[in-house]
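Working through the structure, step by step
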Amino acid sequence: MLFDLDDVLACYDRRVRLVELARRSGTSPAAVQAALFDSGLEHEADIGLWPPQDYADELSRRLGARLTLQDCIAARTLATSAEPAMLALAGEAARRTQVAIFTNNGPLLTLHLERICPPLFPLFAGRVVGAGDVGIAKPSAQAYLRCVALLDVAPADTLFIDDRDENLSGARAAGLDAIGFSNAATLARVLHFYHLTGT
């Protein structure tokens, strides 16, 4: 069972992240938005083109103000909070099948996720794959094929949970089964038919 991270297993508030990075750099959220997202740096990092320290250095250069790697991790931590109902559901499913995460994030997040979102562990220890690990982002079918290969599972044996329709379509094109996510209660009812929950 393969879960998306942001807005499925955890809430992610980009605005909080921007505000914290602005506070730490002495700039503005708009300036951080321009340097990080509008410039394409975040996307490049997500697909693995910038190792974490290089990412922090390049963000500092584009922003014209100093941010350390620890600043970047701290801002992502502040913006990320686990969803208790989803963690309970994933834990229940884990008693019946393997569980893992596939996220459109790069090594800044995947290498430091235990610090960024501690409640996800130890449940997902050693079972987190990011776009940076496979060199391509969802919804590309190739991204899913590379992900399941890293996890040593077959596409046909994998059930993927995501909140974006395009990502579900990409997963199905790669041969995975896929379920759209809206909330934990609805997902629990659907998973009952897969014999992955007891409710």
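For the structure, check the block above.
Since the structure is predicted, the reported quantities are computational estimates derived from the model, not experimental observations.

Here the focus is the nonpolar core. Counting residues in each nonpolar core, the largest one holds 53 residues, and the members touching the most others are F3, L9, M86, L113, L120, F124 and I161. Counting residues per element, this core draws most heavily on helix 6 (residues 84–94), which supplies 5 residues. Look past the residues within four positions of F124 in its chain and what remains in contact with it is F3, L9, A90, V99, A100 and I101. Among the nonpolar cores identified, the runner-up in size contains 16 residues, and F102, C147, V148 and A178 belong to it.

This paragraph deals with the pairing of strand 6 (residues 159–162). Note on strand geometry: in a regular strand, side chains alternate between the two faces of the sheet. Both faces of strand 6 are covered, namely the face carrying L159 and I161 and the face carrying F160 and D162. Bridge analysis of strand 1 (residues 2–3) against strand 6 gives 2 bridges, and the strand direction is parallel. If you follow L2 over to strand 6, its bridge partner there is F160. Across 4 bridges, the pairing between strand 6 and strand 7 (residues 177–180) is parallel.

What follows is about a nonpolar patch on the surface. Taken together, the side chains of V190, F193 and Y194 present a nonpolar region at the surface, about 310 Å² in accessible area. Relative to the helices and strands, V190 is located in helix 12 (residues 184–193). Its relative accessible area of 30% is what places V190 among the partly exposed residues.

Moving on: helix 1 (residues 14–25). With 12 residues, helix 1 extends 16 Å between its outermost C-alpha atoms, agreeing within 8% with the 16 Å of an ideal straight helix rising 1.5 Å per residue. For helix 1, the N-terminal cap is D13; the gap from its side-chain oxygen to the backbone nitrogen of R15 is 3.0 Å. Within two residues after helix 1, G26 carries a phi angle of roughly 70°, on the positive side.

What follows covers the pattern of salt bridges. Side chains that differ in sign of charge can pair as their charged atoms come close. This model, assessed by the stated rule, comprises 13 salt bridges. Of the charged contacts, one joins E42 and R17 as a salt bridge, the two residues approaching to 2.9 Å between their closest N and O atoms. Pair noted here: E42 is in helix 3 (residues 41–46) and R17 is in helix 1, with a separation of 25 residues, a long-range link. Each of E20, R23, R24 and D71 takes part in salt bridges that share partners, so that together they form one network.

So, on to the packing of aromatic side chains. Within this structure, the stated rule accounts for 3 aromatic pairs. Summarising the aromatic geometry, the rings of F3 and F124 are spaced 6.0 Å apart at their centres and angled 85° between planes, so their arrangement reads as edge-to-face. In this pair, F3 sits in strand 1 while F124 sits in the loop between helix 8 (113–116) and strand 5 (128–130), placing the two residues 121 residues apart along the sequence. Comparing F3 with F124, the two get one shared label, buried. Judged by centre distance (5.3 Å) and plane angle (75°), the rings of Y144 and F160 are edge-to-face.

What follows deals with the environment of Y55. Counting through the fold element by element, Y55 comes out in helix 4 (residues 52–63). As a C-alpha pair, Y55 and R14 span 41 residues in sequence and 17 Å in three-dimensional space. For Y55, the residues in contact, after removing those within four places along its chain, are R17, L36, L41, E42, A45, W50, C72 and L108.

In this section: the sheet that holds strand 6. Within the open sheet, the 5 strands sit side by side as 5-4-1-6-7. Their pairing is parallel. Each edge of the open sheet is held by one strand with a lone partner, namely strand 5 and strand 7. Across 2 bridges, the pairing between strand 1 and strand 4 (residues 100–103) is parallel. Each residue of the ladder has a partner; that of F3, found in strand 4, is I101. Packing of helix 11 (residues 165–173) onto the sheet brings it into contact with strand 6 and strand 7, and relative to strand 7 it is tilted by some 170°.

Definitions and limits used
- Within each chain, residues carry numbers counting from 1 in the order of the written sequence.
- Residues qualify for local features only when their pLDDT is at least 70, as the model is predicted, and side-chain atom pairs are given and counted only at 80 or more; totals for whole chains, interfaces and linings, by contrast, use all residues.
- With hydrogens and water set aside, each side-chain value is computed from the structure's full complement of heavy atoms.
- Among buried residues, the Ala, Val, Leu, Ile, Met, Phe, Trp, Tyr and Cys ones that are joined through side-chain atoms within 4.5 Å form a nonpolar core.
- Only protein chains enter the accessibility calculation, which uses a 1.4 Å probe. A residue is then buried if its area is under 20% of the maximum for its type, exposed if over 50%, and partly exposed in between.
- Put simply, DSSP H or I for four residues or longer makes a helix, DSSP E for two residues or longer makes a strand, and each gets a number counted from the N terminus.
- Whether two residues are in contact is decided by their heavy atoms: any pair within 4.5 Å suffices.
- Only strands that DSSP links by at least two bridges are regarded as paired with each other.
- Patch building starts from residues that exceed 30% relative accessible area and form no salt bridge, then joins like charges within 9 Å and nonpolar side chains (Val, Leu, Ile, Met, Phe, Trp, Tyr) within 5 Å.
- Here the Shrake-Rupley method, with its probe set to 1.4 Å, supplies the accessible areas, and only the displayed protein chains count as covering residues.
- When a carboxyl oxygen of Asp or Glu lies within 4 Å of a side-chain nitrogen of Lys or Arg, that pair is called a salt bridge.
- By this rule the span expected of a helix is its residue count minus one, scaled by 1.5 Å.
- Think of a polar contact as two N or O atoms within 3.5 Å of one another; within protein, one of them needs to be a possible hydrogen donor and the other a possible acceptor, and neighboring residues in sequence only count if both atoms come from side chains.
- Working definition: rings of Phe, Tyr and Trp (its six-membered ring) pair if their centres are within 6.5 Å, and the pair is stacked with planes under 30 degrees apart, edge-to-face with planes over 60 apart, and tilted otherwise.
- Where helices are involved, their axes are fitted lines through C-alpha atoms of the stretch in contact, as for all axes, and angles between N-to-C directions lie from 0 to 180°.

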